[in-house]
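# Report on the structure
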Amino acid sequence: MIDNKTVVTGSFNWSPSAAHTNDETLLVIHSPQLAKHFTREMDRLWETAELGITPHLQRKLDRQKIRCRDGVLRR
C-alpha cells in the first residue's frame, strides 16, 4: 500500500530477475477503499506471522544436515 490510497500487487518481487527476465504481473490500483482492505489483511497476517524458522522447518534442516555428512539419514 502506498499513501493509504494506492495498492501495488501481483507476482512481481522487485528483483532484477523480475524486472528483466521473469514473466511477472504488477497491478497498480488507486482506491482508498481497497487500500484499507489490503492494510487490514496485512495487519492480520503480521499479527499471526511466525518469524524465523518454524520448528517443522528446523527439524527438516537438522535431518538434511545429518544426511549430508555421509548420505545416511538417521532418526
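Use the structure listed above.
Keep in mind that what you see is a predicted model, and the values were worked out from it rather than measured. (Residues numbered from 1 in each chain as written. Predicted model: local features only at pLDDT ≥ 70, side-chain atom pairs only at ≥ 80, totals over all residues. Heavy atoms only, no water.)

We now examine the packing of aromatic side chains. What the rule picks out here adds up to 1 aromatic pair. Seen in terms of ring centroids, phenylalanine 12 and tryptophan 14 are 4.8 Å apart; in terms of plane orientation they differ by 85°. Their pairing is edge-to-face. With relative accessibility at 63%, the residue tryptophan 14 sits in the exposed group. (Phe/Tyr/Trp six-rings, centres within 6.5 Å; stacked < 30°, edge-to-face > 60°. Buried < 20%, exposed > 50% of the residue type's maximum accessible area, 1.4 Å probe, protein only.)

When you line up the elements, threonine 6 lands in strand E1 (residues 6-9). Overall, threonine 6 belongs to the buried group, its relative accessible area being 8%. Within the local environment of threonine 6, its side chain forms a polar contact with the side chain of histidine 30, the two groups lying 3.2 Å apart. The residues contacting threonine 6, other than those within four sequence positions of it, are Met1, Val28, Ile29, His30 and Ala35. (Helix = DSSP H or I, 4+ residues; strand = E, 2+ residues; numbered from the N terminus. Polar contact = N/O pair within 3.5 Å; in protein donor to acceptor, adjacent residues only side chain to side chain. Contact = heavy atoms within 4.5 Å.)

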